[in-house]
Amino acid sequence: MEKAQDLQGTKEELQSLLSTATRSRVKKLLQDELERVEREIIDAEKQGANGSAEVLNETEVEPKRPIVKKPQATMAKITSYAWDQSAKFVKIYITLPEVETLPEENISSKFTKSSIELRVLGLKGKNHQFQMIHLLHPIIPESSSVKIKTGKVSMLLKKEREENWSCLTSTENLKATKQEPKYDESKDPGESIMGLMRKMYDEGDDEMKRTIAKAWTESREKQNTMDLP
């Protein structure tokens, strides 16, 4: 039975790899190999406890059990989170109901100076992943950690320097620091204001557009009233 035990270990490792695989081609290769190992386990168990190679009589051979494919867990990207900071740490909070019921080996994290990743496997039939790259400022990976609480995962990122973070990533920072429209004092005041309002209108959201349109209409109506004799 030693061979069967070794094959059983191989089977369990393949199942573990299959549960984390995301590419269809890799899943197919792993599934095919898993089915082959399961057939070998059945054959090994038929050899008997003494490991002899005696061939069983055809009338005694048990019919092969059908191989039932287990449904594969899906990978869900975590996009909802909250965060705050202290002088030394950035703290990210992720809500995952019942996460505290998972064994420790189902929760893993990876920290680099400029990125973080969290994986939660087998939670209600799903695998969850949270990933953030291009952090706004460097962190100290070996001093960063993950804490599991009731229905929540907390990621503590140790700042390399004690400085305030305006956001979490350089991408967010780039969007937030787009050049604001400026008043050009070298131009005619009326022309400069018109250009400023036009730029704000073009780059603004729907609410900004409505506000500017309303102000423009009221200004024109006021001007027309003043021009009347």
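That block above? That's the structure.
All values reported here derive from a predicted model rather than from experimental measurement.

Digging into the overall build of the chain
No. 1: Regarding its fold elements, the chain presents five helices and eight strands.
No. 2: Starting at the N terminus, the α and β elements of the chain follow one another as α-α-β-β-β-β-β-β-β-β-α-α-α.
No. 3: Look at the contacts in the chain between residues 6 or more apart in sequence, and 57% of them connect residues 24 or more apart.
No. 4: A total accessible area of about 16500 Å² is found for the chain, and carbon and sulfur atoms account for 51% of it.

Brief notes about the pairing of strand 8 (residues 152-158)
No. 1: For strand 8, the buried fraction is high: five of the seven residues fall into the buried class.
No. 2: When strand 3 (residues 89-95) meets strand 8, the two strands line up antiparallel, connected through seven bridges. Its bridge partner being in strand 8, K91 is matched across the sheet by L156.
No. 3: Sheet analysis places strand 7 (residues 145-149) next to strand 8, joined by five bridges and oriented antiparallel. Bridge pairing in strand 8 links V146 to M155.
No. 4: Linkage of strand 7 to strand 8, two consecutive antiparallel strands, is achieved through a turn of two residues, within which G151 is found at a positive phi near 70°.

Here we look at the nonpolar core
No. 1: Counting 24 residues, the largest nonpolar core has I116, F130 and M155 as its most contacted members.
No. 2: Those elements giving two or more residues to this core turn out to be strand 3, strand 4 (107-111), strand 5 (116-123), strand 6 (126-132) and strand 8.
No. 3: Ranked by the residues each element gives to this core, the list is headed by strand 5, at four residues.
No. 4: Those residues in contact with I116 that sit more than four places away from it in its chain are I92, K110, F111, F130, Q131, M132, L135, I139, M155 and L157.

Overview of the sheet that holds strand 5
No. 1: Here we have four strands laid out as an open sheet, ordered 1-6-5-4, and mixed in their pairing. On the outer flanks of this sheet lie strand 1 (74-77) and strand 4, each paired with one strand and no other. With strand direction ignored, the average angle separating the axes of adjacent strands in the sheet is 15°.
No. 2: Pairing of strand 4 with strand 5, which is carried by five bridges, proceeds in the antiparallel orientation. The residue bridging F111 from the neighbouring strand is I116, located in strand 5.

Overview of the packing of aromatic side chains
What characterises a pair of aromatic rings is the spacing of the ring centres plus the angle enclosed by the ring planes.
No. 1: Across all of its chains, the model carries one aromatic pair by this definition.
No. 2: Ring plane angle 70° and centroid distance 5.4 Å describe the contact between Y81 and F130, whose orientation is recorded as edge-to-face. With Y81 in the loop between strand 1 and strand 2 (82-85) and F130 in strand 6, this pair connects stretches of sequence that are 49 residues apart.
No. 3: What makes Y81 partly exposed here is its relative accessible area of 30%.

Points about the side chain of S144
No. 1: The topology assignment puts S144 in the loop between strand 6 and strand 7.
No. 2: Judged by its relative accessible area of 11%, S144 is buried.
No. 3: Engagement of the side chain of S144 in a polar contact is seen with the backbone oxygen of I140, the distance being 2.9 Å.
No. 4: Of note is the side chain of S144, whose polar atom sits 3.1 Å from the backbone nitrogen of K158.
No. 5: Filtering out sequence-adjacent residues up to four positions away, S144 remains in contact with F111, I139, L156, L157 and K158.

What to know about helix 2 (residues 24-45)
No. 1: Compared with the 32 Å implied by 1.5 Å per residue over 22 residues, the 32 Å span of helix 2 between its first and last C-alpha is a close match.
No. 2: Considered for burial, the residues of helix 2 that qualify are L30, Q31, L34, E35, V37, E38, I41, I42 and A44.

Here we look at the pattern of salt bridges
No. 1: The final tally for this structure, using the stated rule, is eight salt bridges.
No. 2: The salt bridge partner of R36 is E40, with a shortest N-O separation of 2.3 Å. Linking R36 with E40, this pair stays in helix 2, spanning four residues, or about one helical turn.
No. 3: Among the residues examined, R36 registers a relative accessible area of 35% and is labelled partly exposed.
No. 4: Note that E98 and K124 form a salt bridge whose closest N and O atoms lie 3.6 Å from each other. Separated by 26 residues along the polypeptide, E98 in the loop between strand 3 and strand 4 and K124 in the loop between strand 5 and strand 6 bring together distant segments of the chain.
No. 5: By sharing partners, the salt bridges in this structure join K113, E160, R161 and E163 into a single network.

Reading guide: rules and limits
Residues numbered from 1 in each chain as written. Predicted model: local features only at pLDDT ≥ 70, side-chain atom pairs only at ≥ 80, totals over all residues. Heavy atoms only, no water. Helix = DSSP H or I, 4+ residues; strand = E, 2+ residues; numbered from the N terminus. Contact = heavy atoms within 4.5 Å. Areas by Shrake-Rupley, 256 points an atom, 1.4 Å probe, with all protein chains shown as cover. Buried < 20%, exposed > 50% of the residue type's maximum accessible area, 1.4 Å probe, protein only. Pairing = 2+ DSSP bridges. Core = buried A, V, L, I, M, F, W, Y, C linked by side-chain atoms within 4.5 Å. Axes fitted to C-alpha atoms, helices over the stretch in contact; angles between N-to-C directions. Phe/Tyr/Trp six-rings, centres within 6.5 Å; stacked < 30°, edge-to-face > 60°. Polar contact = N/O pair within 3.5 Å; in protein donor to acceptor, adjacent residues only side chain to side chain. Expected span 1.5 Å × (residues − 1). Salt bridge = Lys/Arg side-chain N within 4 Å of Asp/Glu carboxyl O.

All we've got here are geometric facts, nothing functional implied.
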